Every structure is written in C-alpha cells, then in structure tokens.
Amino acid sequence: MTARSGLRIVQDRIAALRRAVISEVEDRNRLIFHILRGGVVVSVAVLLFGFILVVLAGQSTIPDRSIPPRALEEELFRFTSAGYLSLGVLVLIFTPVLRVAFSLLSFLEERDRLYVLMTAIVFTNLVTSLFVLA
Amino acid sequence: MSPFEVLVLLAIAAFLAGFGGSYLGIGGGVFLIPFMTIVLGVGIKIAIATSLIGVIATSSGAAAVYVRDHLTNLRLAMFLEVATTFGAIAGALVGLRLPDFFLFIVFGVVLFYAAITMARIRETAKQRAYQAGDESSLSKRLNLGSVYFDQEDQGVYRYRVERPVAGFGASAAAGLFSGLLGVGGGFIKVPAMNILMRVPMKAAVATSNFMIGVTAAASAFIYYSQGLVDPGLAAMVIIGVFSGTNLGTRAMVKAKASNVRVAFAACLAALGVAMVLRLAFPGVPL
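Since we're looking at a predicted model, the values are computed, not measured.

Participant: Where do I start with the overall build of chain A in this structure?
Facilitator: Summing up its helical and strand segments, chain A has four helices and zero strands in all. Listed N to C, the secondary structure of chain A is α-α-α-α in terms of helices and strands. Scaling as 2.2 N^0.38, a compact globule of 134 residues should have a C-alpha radius of gyration of about 14 Å, whereas chain A reaches 23 Å, well beyond that. Counting only C-alpha atoms, chain A reaches 75 × 35 × 20 Å along its principal axes. Counting across all 134 residues of chain A, residues that qualify as buried make up 40%. Across chain A, the fraction of contacts at a sequence separation of at least 24, relative to all contacts at a separation of at least 6, is 53%. Carbon together with sulfur atoms contributes 64% to the accessible area of chain A, which is approximately 8,100 Å² in total.

Participant: Would you mind going over the pairing of strand 1 (residues 146-150) of chain B with me for this structure?
Facilitator: If a strand is regular, its side chains alternate between the two faces of the sheet. Residues and elements named next belong to chain B. Burial runs high along strand 1: five of the five residues are buried. By the alternation rule, side chains of strand 1 split into Ser146, Tyr148 and Asp150 and Val147 and Phe149, which are all buried. Counted along the chain from strand 1 to the antiparallel partner strand 2 (residues 155-159), the turn is four residues long, and its residue Gln154 has a positive phi close to 55°.

Participant: Just checking my understanding: could you explain the nonpolar core for this structure?
Facilitator: A general trend in soluble globular proteins is that nonpolar side chains are found buried together. Counting residues in each nonpolar core, the largest one holds 125 residues, and the members touching the most others are Val89(A), Ile93(A), Ile53(B), Leu76(B), Phe187(B), Val199(B) and Phe264(B). If one sorts the elements of this core by residue count, helix 10 (residues 201-225) of chain B sits on top with 16 residues. Setting aside chain neighbours within four positions, we find Phe264(B) in contact with Leu24(B), Ile26(B), Met118(B), Gly186(B), Phe187(B), Val190(B), Pro191(B) and Met201(B).

Participant: Explain the side chain of Asn29(A) to me, please; I cannot follow it from the model alone.
Facilitator: Tracing the backbone shows Asn29(A) in helix 1 (residues 3-56). Under the relative-accessibility criterion, Asn29(A) is labelled buried at 6%. For Asn29(A), the side chain forms a polar contact with the main-chain oxygen of Val67(B), separated by 3.0 Å. Beyond its immediate sequence surroundings of up to four residues, Asn29(A) is in contact with Val67(B), His70(B) and Leu74(B).

Participant: Honestly, the interface of chain B and chain A in this entry has me stumped. Any pointers?
Facilitator: Accessible area lost during the coming together of the parts is what is often quoted as the interface size. The interface is formed by 51 residues belonging to chain B together with 54 residues belonging to chain A. Broken down residue by residue, the surface that chain B buries against chain A is led by Met78(B), Phe221(B) and Tyr224(B), which jointly contribute 15%. At the junction of chain B and chain A, the tally comes to three salt bridges. Note that Asp112(A) is salt-bridged to Arg75(B), the shortest N-O span being 2.4 Å. Between chain B and chain A we count ten residue pairs in polar contact (both at pLDDT 80 or more) in total. Of all the secondary structure elements, the ones that give two or more residues to the side of chain B that touches chain A are helix 3 (44-68), helix 4 (74-93), helix 7 (137-142), strand 1, helix 10 and helix 11 (231-254) of chain B. For the side of chain B that touches chain A, the class distribution of residues is 36 nonpolar, ten polar and five charged.

Participant: Explain the environment of Phe177(B) here, please?
Facilitator: In this structure, Phe177(B) sits in helix 8 (residues 164-181). Counting along the chain gives 20 residues from Phe177(B) to Tyr157(B), while the straight-line C-alpha distance between them is 32 Å.

Participant: Even after reading the chapter, I still don't get helix 2 (residues 29-39) of chain B, so can you show me in this structure?
Facilitator: In an α-helix there are 3.6 residues to a turn, and that puts residues three or four apart on one side. The complete set of buried residues in helix 2 of chain B reads Gly29(B), Val30(B), Leu32(B), Ile33(B), Pro34(B), Met36(B) and Thr37(B). Note on helix 2 of chain B: the residue one or two positions beyond its end, Gly41(B), has a positive phi of about 70°.

Participant: Before we go on, may I ask you to explain the pattern of salt bridges in this structure?
Facilitator: Once the charged atoms of two side chains with opposite charge are near each other, the side chains can pair. In this structure the tally under the stated criterion is eight salt bridges over all chains. Across the salt bridge formed by Glu74(A) and Arg78(A), the nearest N and O atoms sit 3.7 Å from each other. Between Glu110(A) and Arg75(B) there is a salt bridge whose closest N-O contact spans 3.1 Å. Placement of the pair is Glu110(A) in helix 3 (residues 81-110) and Arg75(B) in helix 4, with the two residues belonging to separate chains.

Participant: Where do I start with the pairing of strand 2 of chain B in this structure?
Facilitator: Residues and elements named next belong to chain B. By the alternation rule, side chains of strand 2 split into Gly155, Tyr157 and Tyr159, which are all buried, and Val156 and Arg158, of which none is buried. With five bridges connecting them, strand 1 and strand 2 associate as antiparallel partners. Residue Phe149 lies in a different strand from strand 2, and its bridge partner there is Val156.

Participant: Mind showing me how you'd approach unusual backbone geometry here?
Facilitator: Residues and elements named next belong to chain B. You will see that Asn143, though not glycine, has its phi angle at about 60°, which is positive. Here Asn143 falls in the partly exposed class, since its relative accessible area comes to 40%. In this structure, Arg198 is a non-glycine residue whose phi angle is positive, near 60°. Assignment of secondary structure puts Arg198 in the loop between helix 9 (186-196) and helix 10.

Participant: Where do I start with the side chain of Thr80(A) in this structure?
Facilitator: Residue and element names in this part refer to chain A. Assignment of secondary structure puts Thr80 in the loop between helix 2 (69-77) and helix 3. According to the relative accessible area criterion, Thr80 is buried, its value standing at 16%. One polar contact links Thr80 to Glu75, side chain to side chain, over a distance of 2.6 Å. For Thr80, the contacting residues outside a window of four places in its chain are Leu53 and Glu75.

Basis of the calculations
- Residues numbered from 1 in each chain as written.
- Chains lettered and ligands numbered in written order.
- Predicted model: local features only at pLDDT ≥ 70, side-chain atom pairs only at ≥ 80, totals over all residues.
- Heavy atoms only, no water.
- Helix = DSSP H or I, 4+ residues; strand = E, 2+ residues; numbered from the N terminus.
- Rg over C-alpha atoms; globule rule 2.2 N^0.38 Å.
- Buried < 20%, exposed > 50% of the residue type's maximum accessible area, 1.4 Å probe, protein only.
- Contact = heavy atoms within 4.5 Å.
- Areas by Shrake-Rupley, 256 points an atom, 1.4 Å probe, with all protein chains shown as cover.
- Pairing = 2+ DSSP bridges.
- Core = buried A, V, L, I, M, F, W, Y, C linked by side-chain atoms within 4.5 Å.
- Polar contact = N/O pair within 3.5 Å; in protein donor to acceptor, adjacent residues only side chain to side chain.
- Buried area = accessible area lost by both parts, 1.4 Å probe.
- Salt bridge = Lys/Arg side-chain N within 4 Å of Asp/Glu carboxyl O.
- Nonpolar A, V, L, I, M, F, W, Y, C, P; charged D, E, K, R; others polar.

Rendered as structure tokens:
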C-alpha cells in the first residue's frame, strides 16, 4: 500500500465520520437556526417599518417611550411608529423564549427525561420572570 | 449632541459590540453600557435596558450561525441554563442588597485570574484531540461530551466535559451578575467552560453565545414592562448588532482558536482595569 492510498483511506474515514455526525443532528440544528435567525430578521423588518412610519408621519423625533404590551394592539391598528418599534423589540425579546420551548419539544421527542426536566425548569424560570416578576 | 447624532453613534457602537460579542461569546453589554452612559449621556437604567436588548440580538444572531455550524454544545447549554436562569432571578430579587464593593472585588479577582489563565494555556489541535477520554460519572449521565468541526484545520474533535458541578456553580454566578448589571455574563461563562470544564475555546464561545440570550430575555422583559426601554435606541442597537454578528460569526468560525483566546484574555484584562478604576473613582459610571 502506497503512502498516497493510505492517506486517501484516512481522508475518506474522516469525511464519513463528519457526514455521520452532521446528519444525526442536522434537522434539529437547522430548525434552531431558523427560529433564532428568523426572530432577529422579523424584528429588524418590523423596526425598519417603524422607522418608515416615522418618516411618513413627518415626525421630527423618534419615539422614546415603549408601548406597554396591553396597549400595543390599538397602536398597531393606528399604525403609529411607537407601536411598530415596540413590537420589533418585543419580537426580539421573545425569540430566546421560543427557542427554549422548541428545545423542550425536541428533548420530549427524544424521550430524554433528564433533559426534558432541565429544559422545563429553564422554561418555567423564564415564564416566571416574564409574568410574575414583571 | 443632537438626537440624530446619538442614534448614528449608537448604531456604530452596536455594530462593534455585535462583532466583538459574537467573536468572543459575550453579549457586548460590557462595551455598550459604558459607551451609552459616558459618551452618549444616556441614563444608567435606560442604558442597561438597551444593552439587554443588544445582548439578545447578539445571542440570537450569532447562536443561529454557530448552531448551524455544529459548534454549539446544546446539552451543555441546557444544563448550564438551569443555573443561569436561577442566578438571574436571584440577582434581580436579592442581589441588589449585596454590597457593591464586595461584588466588585470578587468580580475583579475572577476577571484577572481568568485573563491570565486564558493567555497562558495554549490550545493546540494535538491537545484538543487528547481531550477525548473517560469522563466523570455525572458528565456521562448528563451526556455532556460532544463533537465539533473546526474550520481552522478541518478537524473533527471529540471532547469530554470535566467538572460539571463547578461549571454549574460558575454559571449561577454569571446569571447573578447578568440580573444585576444588565449584561449577558459571557465573560464568566466562557472561562468557566474553557478553564474549569475543559471545553475547547470555539465550542465554549458558541455555547456561551447560545445561552446568554435566554438569561437576558428574563431581565429584558422586566425592564420593558417598567417602561425603561427606549424603542428608538433599542431599534438602532438591534440593527447595528445584527450587522455586526453577521461579520463576527464569519470571522470566529474561521479563526485560530489561540487568537480567540488571546483576544478574550485582553478583553478580560481591560474589564478588570475598568473595575478597579470604578472602585478607585466611584463617580465614574461604568
């Protein structure tokens, strides 16, 4: 066996190992990628829309007070810039929460009890701080 | 400074914070908060709230790429997030009663220790390859060991995770600081994973970036509901950070692990100096 063919065998083994590792986790990682990336992209898009509203309304200043979640719906229907800028920020804040919820589902699917428990604790902590502390 | 100038400067700062944050595995709050309070003259509470939003943007933007590129250890992240979220809530509830001086001393010592250790340890491919092997029974039960693909040398590395309990404790402390100071806590999590738990540098950076968004989200909503989020400032930060992470992640994935280490160590040392200055001159808002 020449050194070259030996090297080829090693390279093939490495490539096979890499493919095996990647395909095993590919689907789940892809979805997490889309959740996180999608959250940021949607947030940026809503924020840019908010800035367009600032220009269209001829406002000389950008709103500096956020809209409380309860009053948000009305502001969105009236197409105020403050409403859409606040919505963009909220979309971003909820992106990691959505990701943890997805992790919970994927560990449930794997029947990995220990990690279902841990993810449930993290999710509970998050929801607690979102709604009880706030 | 006119409001327009403030927004433009803030977007540039956020771009740099997003770049540096995604390269180093931190949220970038440690840069943004001093910049906003000192240079832009923004109030400390609004600066913290805006910074938390920036941390979430850095985390989500960067973590997406690192998860796709298989640098992130998802199990390790979940395990440590249990500690950080409890820490963050404790930080928001009781941490405020701890004396500032005590916190800063502990924090400063940890920073300098981590900076020196990270600069001294050299991470070579050979060393990484030797990190596979028997793990402790707890790590094994938690299935923490993982594999990652390093673009630096096109290598696939299997690594074990050591000292899970110590890492869990350090993450709880990191969570406490983020609840307290409005930062992601990445500058504690990365050294904790890299030095204590022996996770390779790039995997540690990616995993830290993945975790900090969750920690910051908890605090960010509290600040939001108290009306402390300025949507204009937050919007500029999100847009700036998003552009920054697009470049930062690309640089980190290709970078040499040793370069990431040195950059991180330098950053920690600078932070330590800033802490000491703050202790020496209590009036300086950092």
